[in-house]
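As a plain string of letters, each chain reads:
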Amino acid sequence: MRLGFATLGCPGAALDEVLALAQGNKFTGLELRAAPDEFTNVGLSPAQRRELCGRIEDAGLEIFAVSSYVRLCAVEEQPLEAHLELAADLGALGVRVFPGDDADAGTPDGPSAGEIRALDRVTSAPREVPILLETHDSHSTGRQVAAFCALLDTDVPGHNVRALWDSSHTWSHGETAAESYALLRPWLELVQFKQADSRQDYRPVAIDEGDFPIHDLLAALDGTDYPLSLEWELKWHPELPSLAETLPAVHAWLSAP
């Protein structure tokens, strides 16, 4: 299993700490949160990028994604190209983006205004590195992201948008793991998971306190080799246990009968 975690779970941590967490807990991949207060950001110089890439490679780790906060369908300008360039320099598998559309996205009447904006952004974006569109906010279901990717297939031949399946989001919107996987499979590149409690409005909770159907997810992915990444939202939910406490428990959770 290509198992990793997002540095969202250790906000502000130094690279040495992140590498030690991964190696000490037998995780082999990282999603690097890109922000000014993190060691990964678009302001890094070429030398700093080479050093960061080399340190992660020397640790035997794979960069699953550069996690940007670009909203692909949004009106305001955001630096998609700068994040794609950073991901290329680091050898990452792609750049995570959010849909960020208005509430009426993906209606049966056709593409929304935001989706049309996204078509233009994708058309002009560099294509060396995939844009990983997360099942999130306006497009939280596999159905919505699959419909948008199908639209891109028609309107932007050779585009570089792929699906990042946040399996907790699709679950919280009523899709089973098998349903979401079937919808997203033609474009799927990366799978995120986390623990949550459906009895508390899908609030993120400690590994042993929620009811996310992890074994349904593993069954849907059986026989595949997609990177599987823990998105531990400690940055936004400081009441959660630390990654140092959580990562050892993840292995037990994934292997439990």
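These lines cover the structure that appears in this document, whether it is placed above or below. (Residues numbered from 1 in each chain as written. Predicted model: local features only at pLDDT ≥ 70, side-chain atom pairs only at ≥ 80, totals over all residues. Heavy atoms only, no water.)

## Side note on the pattern of salt bridges
At step 1: For the structure shown, the criterion picks out 16 salt bridges.
At step 2: Between glutamate 85 and arginine 49 there is a salt bridge, with its nearest N and O atoms 3.9 Å apart. Of this pair, glutamate 85 sits in helix H3 (residues 80–90) while arginine 49 sits in helix H2 (residues 46–58); the two residues are 36 residues apart in sequence, bridging distant segments of the chain.
At step 3: According to the relative accessible area criterion, glutamate 85 is partly exposed, its value standing at 49%.
At step 4: Ionic pairing is found between glutamate 231 and lysine 194, a salt bridge with its closest N-O pair at 2.9 Å. Pair noted here: glutamate 231 is in the loop between strand E10 (228–230) and helix H9 (243–255) and lysine 194 is in the loop between strand E7 (188–193) and strand E8 (196–197), with a separation of 37 residues, a long-range link.
At step 5: Taking the relative accessible area as the measure of exposure, lysine 194 reaches 5% and is therefore buried.
At step 6: The network of salt bridges with common partners includes Arg96, Glu134, Asp166, Lys194, Glu231 and Glu233. (Salt bridge = Lys/Arg side-chain N within 4 Å of Asp/Glu carboxyl O. Helix = DSSP H or I, 4+ residues; strand = E, 2+ residues; numbered from the N terminus. Buried < 20%, exposed > 50% of the residue type's maximum accessible area, 1.4 Å probe, protein only.)

## A few points about the sheet that holds strand E4 (residues 95–98)
At step 1: Taken in spatial order, the eight strands line up as E1-E2-E3-E4-E5-E6-E7-E10 and close into a barrel, and their pairing is parallel. The average angle at which neighbouring strand axes cross in this sheet is 30 degrees, direction not considered. (Pairing = 2+ DSSP bridges. Axes fitted to C-alpha atoms, helices over the stretch in contact; angles between N-to-C directions.)

## Observations regarding the environment of glutamate 239
At step 1: Counting through the fold element by element, glutamate 239 comes out in the loop between E10 and H9.
At step 2: Once the C-alpha coordinates of glutamate 239 and valine 205 are considered, the two residues, 34 residues apart in sequence, prove to be 8.6 Å apart.

## Focus: the packing of aromatic side chains
At step 1: With the rule as written, the count across this model stands at eight aromatic pairs.
At step 2: Centroid distance phenylalanine 5 to phenylalanine 27: 5.8 Å. Interplanar angle 70 degrees. Geometry classified as edge-to-face. Residue phenylalanine 5 is found in strand E1 (residues 3–6), and its partner phenylalanine 27 is found in the loop between helix H1 (15–24) and strand E2 (29–33); the two are separated by 22 residues along the sequence.
At step 3: Ring geometry for tyrosine 69 against phenylalanine 98: centres 6.0 Å apart, planes inclined by 70 degrees, an arrangement best described as edge-to-face. With tyrosine 69 in strand E3 (residues 62–71) and phenylalanine 98 in strand E4, the pair connects residues that are 29 residues apart, well separated along the chain.
At step 4: An aromatic cluster is built from Trp171, Phe193, Tyr202, Phe212 and Trp253, whose rings are joined through pairwise contacts.
At step 5: It is arginine 96 that lies over the ring of tyrosine 69; its NZ or CZ is 5.2 Å from the centre. (Phe/Tyr/Trp six-rings, centres within 6.5 Å; stacked < 30°, edge-to-face > 60°. Lys NZ or Arg CZ within 6 Å of the ring centre and 35° of its normal.)

## Observations concerning the pairing of E3
At step 1: With seven of its ten residues buried, E3 lies for the most part within the structure.
At step 2: Bridge analysis of E2 against E3 gives five bridges, and the strand direction is parallel. Following the sheet pairing, leucine 32 is matched in E3 by valine 66.
At step 3: Traced from E2 through H2 to E3, the parallel crossover comes out right-handed.
At step 4: Note that E3 and E4 share three bridges and pair parallel. Residue serine 67 lies in a different strand from E4, and its bridge partner there is arginine 96.
At step 5: One crossover worth recording links E3 to the parallel E4 by way of H3, and it is right-handed. (Right-handed = clockwise from strand over helix to strand, strands pointing away.)

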